[in-house]
Amino acid sequence: MQGNFFRILGLMGLTLAFGACHDHASDGHDHESETKEAHKDAATSGDDIVLEPEMALRFGVECDTVRSGAFSEALKVSGRVLATGNELAVVSAPTAGIVSFARDMVPGKKVPRGARIASVRTGATTGGDANQAAKAALDAAKRELDRLKPLYDQRLVTASEYNAALAAYESARAGFSASAASGAASAPISGVIVSLDVAEGQYVEVGAPLASMASDKEITLRVDLPRRMASRMGTFTDLRLALADGVTVLVSELGGKRSGASPAASGNNASAYVPMYFSVPAASAGLLTGGAFEGWLLGSAREGVTAIPVSALSEQMGDFFVYERLDEDCYRKLPVVVGSSDGERVEVGGLRPGTVIVTQGVTTLRLSENAKAVPEGHSHNH
């Protein structure tokens, strides 16, 4: 990385050493008056920066014109991906015994409903198998019922004797579990394995939790809104998420929506936050249950706001700047005052609409600025 930095810096030095702003006087335009008119109100913080067009293209420098328009009010917030009751499930042991998980069963694995998660082997322990005993009792009760049924039809046994045999059979059948006999512990829902709650080869009792699952259909996002903003809760209708890879995305773009706020929490003055909730299809969000996230609540739009891409800003010693393009190979740094951001754009003051600024490749301009290799006597301050 250090080698690439010096390589870029060297290229910048060569560019600055031989570059010069174009003199437009020869094309019939009054370049001096145009420059004064365009920049008379701009506060410069240093000499002009020279960057040849070929180098700008090579290093991904892109420019755009500043415009005023609609901008949605934004509030940066934090939140958490919730695990609600209908989104969670537990895989339980069908019988007591030794646990053996299915192959490749690890947290994060997606499984369909009914898939085998683990097997519980009862024969691996001493002390007998309660389910096998229940099976033996069921078989004996069924044989007795089968013996009495034809005798009852011929009125050779009383109704009370037959009913007693039938009750014994039903009781034995209730005490026997076919799934316990197989030892298979299956997924009760389609979803993702969140955790394995026991170790391979561990002994468990019947009903013990073996694994936890989360639904892969929909997840709930809880956003912590500062209580001082509670009165404006209704104005926030969408949420821009900051994903792990640096990409931002709107909940509405994912097919999600706001699902409300918690009235109980709103009345709890002991908390500094009021929770808001959004529901999102789990497959599209790429968020894990229980994980934290950051984002921006988006509210009603305001017109006539000057906003630029976040990528256009350069922060230096706590102050913010943008790089204005003066002509095809000359730029200069302008200070700006930063306002609210919606995660992609930021509201700025001190920048006139119509100004052409660098929106991508700001680092390249900053390296060129630091090189300080502007040819002597070259300036846009005519």
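Up top you'll find the structure we're talking about.
Reading the values: rules and limits
Residues numbered from 1 in each chain as written. Predicted model: local features only at pLDDT ≥ 70, side-chain atom pairs only at ≥ 80, totals over all residues. Heavy atoms only, no water. Helix = DSSP H or I, 4+ residues; strand = E, 2+ residues; numbered from the N terminus. Buried < 20%, exposed > 50% of the residue type's maximum accessible area, 1.4 Å probe, protein only. Contact = heavy atoms within 4.5 Å. Areas by Shrake-Rupley, 256 points an atom, 1.4 Å probe, with all protein chains shown as cover. Phe/Tyr/Trp six-rings, centres within 6.5 Å; stacked < 30°, edge-to-face > 60°. Lys NZ or Arg CZ within 6 Å of the ring centre and 35° of its normal. Pairing = 2+ DSSP bridges. Salt bridge = Lys/Arg side-chain N within 4 Å of Asp/Glu carboxyl O. Core = buried A, V, L, I, M, F, W, Y, C linked by side-chain atoms within 4.5 Å. Polar contact = N/O pair within 3.5 Å; in protein donor to acceptor, adjacent residues only side chain to side chain.

Visitor: Help me understand the overall build of the protein chain, please; the structure alone is not making it clear to me.
Guide: When helices and strands are counted, the protein chain shows nine helices and 22 strands. The 382 residues of the protein chain split such that 38% are buried. Counted over contacts in the protein chain with a minimum sequence separation of 6, partners at least 24 positions apart contribute 78%. Working note: accessible area of the protein chain is about 20,400 Å², and carbon and sulfur atoms make up 52% of it.

Visitor: Help me understand the packing of aromatic side chains, please; the structure alone is not making it clear to me.
Guide: Aromatic ring pairs are reported here in terms of the distance separating the ring centres and the angle at which the planes meet. For the structure on display, the rule yields one aromatic pair. For the pair Y152 and Y162, a centre-to-centre distance of 4.7 Å together with 10 degrees between the ring planes defines the contact as stacked. Of this pair, Y152 sits in helix α4 (residues 130-153) while Y162 sits in helix α5 (residues 159-174); the two residues are ten residues apart in sequence, bridging distant segments of the chain. For the cation-ring pair, R155 lies above Y152, with the distance from its terminal atom to the ring centre recorded as 5.3 Å. The aromatic ring of F321 is capped on one face by K333, whose charged end is 4.5 Å from the ring centroid.

Visitor: Can you walk me through the sheet that holds strand β6 (residues 110-111) in this structure?
Guide: Strand-to-strand pairing in sheets goes through backbone hydrogen bonds, with the strands running parallel or antiparallel. The four strands lie next to each other as β4-β11-β9-β6, forming an open sheet whose pairing is antiparallel. Of all the strands in the sheet, just β4 (88-92) and β6 have a single pairing partner and so form its edges.

Visitor: Just checking my understanding: could you explain the pattern of salt bridges for this structure?
Guide: Opposite charge on two side chains allows them to pair when their charged atoms are near. With the rule as written, the count across this model stands at ten salt bridges. The shortest N-O distance in the salt bridge between K76 and E294 comes to 3.9 Å. With K76 in strand β3 (residues 68-82) and E294 in strand β17 (residues 292-309), this residue pair connects regions lying 218 residues apart in the sequence. By relative accessible area, K76 is classed as exposed at 51%.

Visitor: Would you explain the pairing of strand β9 (residues 191-196) in this entry?
Guide: Each regular strand displays side chains that alternate between the two surfaces of the sheet. Across two bridges, the pairing between β6 and β9 is antiparallel. Across the sheet, the residue bridging to V111 is G191, located in β9. As paired elements, β9 and strand β11 (residues 209-215) share five bridges and run antiparallel to each other. Across the sheet, S195 pairs through a bridge with S212, a residue of β11.

Visitor: Would you take a moment to explain the nonpolar core for this structure?
Guide: The nonpolar side chains of a soluble globular protein tend to be buried with one another. Ranked by internal contacts, the top residues of the largest apolar core, which has 22 residues, are L221, L239, L241 and L297. When residues of this core are traced back to their parent elements, those giving at least two are β3, β12 (218-226), β13 (238-242), β16 (273-281) and β17. The residues touching L241, leaving out its near neighbours within four places in the chain, are L221, V247, T248, V249, V251, L254, L287, F293, E294 and G295. Counting residues in each nonpolar core, the second largest holds 20 residues, with A89, V120, A208 and M213 among its members.

Visitor: Is there a simple way to explain the environment of K333 in this structure?
Guide: Mapped onto the elements, K333 comes out in strand β20 (residues 330-341). A polar contact of 2.7 Å, which involves the side chain of K333, links it to the side chain of E369.

Visitor: Where do I start with the pairing of strand β21 (residues 345-349) in this structure?
Guide: Side chains V346 and V348 project from β21 onto a buried face, and the interleaved R345, E347 and G349 project onto a face without burial. Where β17 meets β21, three bridges bridge the pair, whose relative direction is antiparallel. By the bridge assignment for β21, P309 is matched with R345. As judged from the three bridges shared by β20 and β21, these two strands associate in the antiparallel manner. Pairing of V338 across the sheet is with V348, part of β21.

Visitor: What is the right way to look at unusual backbone geometry in this model?
Guide: Note on backbone geometry: most residues besides glycine have negative phi, and most peptide bonds are trans. The phi dihedral of D104 falls on the positive side, at around 65 degrees, and the residue is not glycine. Position of D104 relative to the elements: it lies in the loop between β5 (97-101) and β6. Within the chain, M317 stands out as a residue other than glycine whose phi angle is a positive 55 degrees. Along the chain, M317 falls in the loop between β18 (314-316) and β19 (319-327).

Visitor: Mind showing me how you'd approach the environment of L196 here?
Guide: Relative to the helices and strands, L196 is located in strand β9. Distance from L196 to P107, taken between C-alpha atoms, is 6.8 Å for residues 89 residues apart in sequence. Setting aside its immediate chain neighbours within four residues, L196 contacts F101, M105, V106, P107, L210 and A211.

Visitor: How do you make sense of the sheet that holds strand β8 (residues 184-186) when you look at a structure like this?
Guide: Reading across the sheet, the four strands line up as β8-β7-β5-β10 and stay open at both edges, with antiparallel pairing between neighbours. Two strands lie at the open edges of the sheet, namely β8 and β10 (203-204), each paired on one side alone. Looking at chain direction, β5 and strand β7 (residues 116-121) are connected through four bridges and run antiparallel. Bridge pairing in β7 links I98 to R121.

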